[in-house]
Amino acid sequence: MKKIQISPSILSADFSQLGNEIKRLEEGGADMIHVDVMDGHFVPNLTIGPPVIKALKKHSSMLFDVHLMISPVHKYIEAYSDAGADIITIHPEATDNLKESILKIKELKKKVGVSLNPETKIEVILDHLEQIDLVLVMSVNPGFGGQKFMPEVLNKIKELKKIQQEKGLSFDIEIDGGINFENSKIAIEAGANILVSGTTIFKSNNGDIKKNIELLKLK
Ligand code: DX5
Ligand code: ZN
């Protein structure tokens, strides 16, 4: 049974204080930092890019779990690797050749994540699972924090867990979007071992990050 990890999304952080916000997450017991990169093309929102990640990484020893909601993504992978991403997660729809993009990330000695939108079927990544370190299951349509959790994706997590056990694989299953104190337990029970959360961690209990992270881990 994998240890449950929390990857707080800085999309819900105070962007004018990002360095301090990451320190708060570290002190609050986060296992890694979920960095949502958006290009205003793959998703209708625009956030940060390699220069900001590079600046943040200089002040943090945390693992950067970088979620690339950008397309085309292949030609930018190296830039995010150089900026300090430790896990590079891409969307299959954002590359012409998923196999090549996965290989590129591995060549750069980074962990490979592939993200499935609520509408995206597991079949899209089935042939690549042996090469993947992490499957990021979206429980909202990507683009914004604070959206409503889509419980139907839990079946996808259960299916992934079953395939993982049948094939004897050990990729992490990360769930991302609308995770809160009510649904974190069912997400874990379904098979997720990494929970991404932005709004719940930064906004609940008067922004008591340590308390919010602990509450999310409770099974
Ligand atoms: C949405 C992002 C998520 C989002 C999570 O496109 O990928 O990581 O920031 O934020 P909450 O937890 O507020 O849904
Ligand atoms: Zn994300």
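Figured I'd write up the structure that's included with this text.

Conventions adopted
Residues numbered from 1 in each chain as written. Chains lettered and ligands numbered in written order. Predicted model: local features only at pLDDT ≥ 70, side-chain atom pairs only at ≥ 80, totals over all residues. Heavy atoms only, no water. Donors = N, O, S within 2.8 Å, 3.2 Å for Na, K, Ca; no water. Helix = DSSP H or I, 4+ residues; strand = E, 2+ residues; numbered from the N terminus. Buried < 20%, exposed > 50% of the residue type's maximum accessible area, 1.4 Å probe, protein only. Phe/Tyr/Trp six-rings, centres within 6.5 Å; stacked < 30°, edge-to-face > 60°. Lys NZ or Arg CZ within 6 Å of the ring centre and 35° of its normal. 1 Å grid on protein atoms, 1.4 Å probe; cavity = no way out; pocket = protein on both sides within 12 Å on 5 of 7 lines; lining within 4 Å. Points joined across faces, edges and corners; volume = space filled by probe spheres on them. Nonpolar A, V, L, I, M, F, W, Y, C, P; charged D, E, K, R; others polar. Pairing = 2+ DSSP bridges. Right-handed = clockwise from strand over helix to strand, strands pointing away. Polar contact = N/O pair within 3.5 Å; in protein donor to acceptor, adjacent residues only side chain to side chain. Contact = heavy atoms within 4.5 Å. Near = heavy atom within 4 Å. Areas by Shrake-Rupley, 256 points an atom, 1.4 Å probe, with all protein chains shown as cover. Sits in = over half its atoms within 2 Å of the grid points.

### Comments concerning the coordination of the zinc ion (ligand 2)
For a metal bound by four donors in a tetrahedral arrangement, the ideal donor-metal-donor angle is 109.5 degrees, while six donors in an octahedral arrangement ideally sit at 90 or 180 degrees. The coordination sphere of the zinc ion (ligand 2), as far as protein atoms go, consists of His34 (NE2), Asp36 (OD), His67 (ND1) and Asp176 (OD), spread over 2.1 to 2.3 Å. In the primary structure, the donors to the zinc ion (ligand 2) are separated according to the pattern H-x1-D-x30-H-x108-D. Pair noted here: His67 is in strand 3 (residues 64-69) and Asp176 is in strand 7 (residues 172-176), with a separation of 109 residues, a long-range link. Both residues of the pair, His67 and Asp176, count as buried.

### Things to note about the packing of aromatic side chains
With the rule as written, the count across this model stands at zero aromatic pairs. Here Lys57 stacks its cationic end above the ring of Phe64, 4.7 Å away from the centre of that ring.

### Concerning the layout of surface pockets
Reported here for the largest pocket is a volume of approximately 260 Å³. Lining the largest pocket we find 25 residues, and of these Gly145, Gly146, Gly177, Gly178 and Gly198 sit closest to its centre. Every element with two or more residues in the lining of the largest pocket is listed here: strand 2 (33-38), strand 3, strand 8 (194-197) and helix 8 (199-203). Class assignment for the residues of the lining of the largest pocket results in nine nonpolar, 14 polar and two charged.

### Thoughts on the pairing of strand 8
Here strand 8 shows a buried face lined by Ile194 and Val196 and a second buried face lined by Leu195 and Ser197. The pairing of strand 1 (residues 5-8) with strand 8 spans four bridges and is classified as parallel. Among the inter-strand pairings, Gln5 is bridged to a residue of strand 8, identified as Ile194. Alignment of strand 7 against strand 8, held across three bridges, turns out to be parallel. By the bridge assignment, Asp176 is partnered in strand 8 with Val196. Taken together, strand 7, helix 7 (residues 184-190) and strand 8 constitute a β-α-β crossover, and its handedness is right-handed.

### Let's talk about the side chain of Asp86
Within the secondary structure, Asp86 sits in the loop between helix 3 (77-83) and strand 4 (87-90). Within the structure, Asp86 has its side chain in polar contact with the backbone nitrogen of Phe64 (distance 2.7 Å). What Asp86 contacts, discounting residues up to four positions off in sequence, is Lys57, Met62, Leu63, Phe64, Lys110 and Lys111.

### What about the site of ligand 1?
Taken together, 21 residues sit near ligand 1, with Asp36, Gly143, Asp176, Gly198 and Thr199 positioned nearest. Here His34 contributes a side-chain N or O atom positioned 3.3 Å from an oxygen atom of ligand 1. One of the backbone nitrogen or oxygen atoms of Gly143 is found 2.7 Å away from an oxygen atom of ligand 1. Burial of ligand 1 by the surrounding chains reaches 99%, relative to a free accessible area of 380 Å². In this structure, ligand 1 is accommodated by the largest pocket. Contributions of two or more residues to the shell around ligand 1 are made by strand 2, strand 3 and strand 8. A per-element tally of the shell around ligand 1 places strand 2 first, with three residues. Split into classes, the residues belonging to the shell around ligand 1 amount to seven nonpolar, 12 polar and two charged.

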